Amino acid sequence: MAADQPLGVTARRREHGHLPIIEHAPVEIGADEVREIANMAARIRQRNPAIGAGETYGRAVRVGLAPGGSLFLHDTAGIQSAGRAEASGLEYRPLALAGDGDCLAISVARVPAFERYCRDFLGLGSVEVIRTAASERRASLATLCRRDPAVLARLAEIARARGGMTVQPYVSSGAVWRLAAAIARRAGVPVGVAAPPPALAHYVNDKLWFARRVVELLGPAAVPRGYEARDLAALARHAAELARESDQLVIKLPRAAGSLGNALLDGSRLRTLSHAALEREIAGFLSGLGWRRPFPLLIAIWESPVALSPSVQLWIPLSGEGLPLVEGIFDQIVSGAVGRFIGAVPSGLPARVRRRIAYEAVRLCTLFQQLGYFGRCSLDAILVGRDVEHAALRWVECNGRWGGTSTPMTLVNRLTGDWVDSPFVALQPDWRLRLGFEEVLDRTRDVLFRPGSRSGVAFASPGDLAAGTGIAYVGIGEDIDAGRRQARHATELLRG
């Protein structure tokens with residue numbers, strides 16, 4: 001049995017455009033629990049009525065699917081910047097999700113070799129790649145598309161011809177919804193957004209907001225001990241308190257993507273400082289990170305030892321269309337002191353532990369669903385302790401967006417029918433690779449996955465040649481060890 005195979009239950013499968021959604025860890029929640037969660041959602045809406053509102057963008061734009069094809073775009077407007085902005089190299093990553101009749105918007109130079117690879121070699125379908133010529137410092141991809149007359153005209157033409165369009169963003173944001181509204185007005189057809197309303201997306205991706213919801217629903221022991229700090233004095237005060245309990249602390253930018261917004265503090269050193277000296281130390285530390293106007297911040301104990309860092313991949317249907325579906329539980333592959341994500345592998349956790357993780361994840365995502373969430377979501381946790389059977393489960397963040405595990409997982413589903421039958425290892429390396437995609441293919445030609453086979457390496461992103469970042473690939477095999485070997489072999493070939 002594969003590590004995440006369903007436990008005695010046949011997997012449920014849905015088709016979302018070209019995206020297969022396959023449930024692999026079925027969870028049942030009782031009627032009383034659903035009512036409790038619905039009441040919690042009602043209280044949140046009462047405090048913040050705009051949290052699930054998308055009406056401000058016009059009646060023709062709605063959460064969910066619309067007729068016609070989809071527009072995919074890797075727009076990062078909803079993610080908090082950590083220090084100096086760098087090119088992600090990931091604007092082509094959504095091409096792994098697209099198919100016949102869909103579009104991909106980009107602002108980077110086109111990579112025809114990757115387009116041919118997805119269309120002809122992998123057989124994913126014919127996708128129209130639309131590059132915006134607009135160039136505006138700090139403007140998001142969605143904004144550039146909306147402000148480019150030729151791009152907006154083409155998108156409206158496609159939507160009009162097909163009776164509608166669904167915008168499929170990396171993460172929901174006001175910029176994405178303004179683009180959807182502009183297409184709808186220009187084309188005179190309905191446009192769906194396969195993501196939550198911007199305000200709700202903002203909150204679920206905020207580690208502080210997420211931690212509060214975890215505590216309300218699962219209890220205070222379900223998150224690492226920590227505090228919200230709204231200014232330097234509060235940050236220093238909380239650091240002094242937590243340093244008495246732990247030799248290592250972590251400061252987190254609440255809406256940064258994963259570990260890119262994490263910074264570690266030496267608790268043993270902080271204990272030796274006066275309050276004034278501690279404030280100066282932390283102020284200099286934040287300045288050195290390049291975090292300008294970073295508050296509010298989350299400061300917490302950096303838990304140790306951590307046995308594993310599981311990540312739950314979910315699809316959240318519209319309210320009334322069933323509970324959130326767990327498509328897989330994966331162990332994250334991380335690098336460096338702050339645990340930077342560089343890949344994922346199907347979880348080998350015991351079934352009992354996986355059941356608990358899936359159950360708590362579905363409860364949390366049911367709350368998001370009740371607030372108006374729709375689309376891709378993943379939840380990251382840590383298992384604190386040396387023995388995974390008895391480790392403490394702590395939830396650390398919600399990724400209300402597509403990511404480095406969900407995209408390759410869906411690609412493998414498209415290529416093989418179901419990733420459980422062809423386990424994979426996903427890698428998004430942190431080393432620089434300055435190769436054009438033609439050379440990438442040439443170096444790895446002997447290990448490339450070919451449709452109809454059961455093993456090989458498939459690329460989910462060509463990366464950015466100039467920046468040397470963003471290459472992403474999966475090693476697929478008949479079991480996890482075979483997938484690891486494929487990924488390791490590709491890494492050796494790429495690094496020469």
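The rules behind these values
Residues numbered from 1 in each chain as written. Predicted model: local features only at pLDDT ≥ 70, side-chain atom pairs only at ≥ 80, totals over all residues. Heavy atoms only, no water. Patch = residues over 30% accessible without salt bridge, like charges linked within 9 Å, V, L, I, M, F, W, Y side chains within 5 Å. Areas by Shrake-Rupley, 256 points an atom, 1.4 Å probe, with all protein chains shown as cover. Salt bridge = Lys/Arg side-chain N within 4 Å of Asp/Glu carboxyl O. Lys, Arg positive; Asp, Glu negative; His and termini not counted. Charge placed at Lys NZ, Arg CZ, Asp CG, Glu CD. Helix = DSSP H or I, 4+ residues; strand = E, 2+ residues; numbered from the N terminus. Buried < 20%, exposed > 50% of the residue type's maximum accessible area, 1.4 Å probe, protein only. Contact = heavy atoms within 4.5 Å. Pairing = 2+ DSSP bridges. Axes fitted to C-alpha atoms, helices over the stretch in contact; angles between N-to-C directions.

Student: Can you help me understand a positive patch on the surface in this one?
Tutor: There is a patch of like positive charges on the surface, built from Arg 137, Arg 138, Arg 292 and Arg 293. Summarising the element assignment, Arg 292 is placed in the loop between helix H10 (275-289) and strand S12 (297-301).

Student: Can you walk me through the pattern of salt bridges in this structure?
Tutor: Once their charged atoms are close, side chains differing in charge can pair, the charge on each being opposite to the other. Within the structure shown, the criterion is met by 22 salt bridges. The salt bridge partner of Arg 154 is Glu 157, with a shortest N-O separation of 2.8 Å. Here the residue Arg 154 and the residue Glu 157 both occupy positions in helix H4 (residues 149-162), the gap between them amounting to three residues, near one helical turn. A relative accessible area of 29% places Arg 154 in the partly exposed class. Taking the relative accessible area as the measure of exposure, Glu 157 reaches 41% and is therefore partly exposed. One salt-bridge network, held together by shared partners, links Glu 33, Glu 36 and Arg 363.

Student: Can you help me understand the side chain of Thr 407 in this one?
Tutor: For Thr 407, the location among the structural elements is in helix H12 (residues 406-416). Beyond its immediate chain neighbours, meaning those up to four positions away, Thr 407 contacts Arg 93, Ala 96, Leu 97 and Trp 402.

Student: I would appreciate a short explanation of the sheet that holds strand S7 (residues 165-169) in the present structure.
Tutor: Pairing between the strands of a sheet is mediated by backbone hydrogen bonds and can be parallel or antiparallel. If you trace the six strands from one edge of the open sheet to the other, you get S3-S8-S7-S4-S5-S6, paired in parallel fashion. Two strands lie at the open edges of the sheet, namely strand S3 (61-63) and strand S6 (128-131), each paired on one side alone. Strand-to-strand twist of the sheet, defined as the mean angle between neighbouring strand axes without regard to direction, takes the value 25°. In this sheet, strand S8 (residues 191-193) lies alongside S7 in parallel orientation, the contact comprising three bridges. Bridging from a neighbouring strand, Thr 166 pairs with Gly 192 of S8. Across the sheet, H4 is in contact with strand S4 (70-73), strand S5 (103-106), S6 and S7; its angle to S6 comes to roughly 155°.

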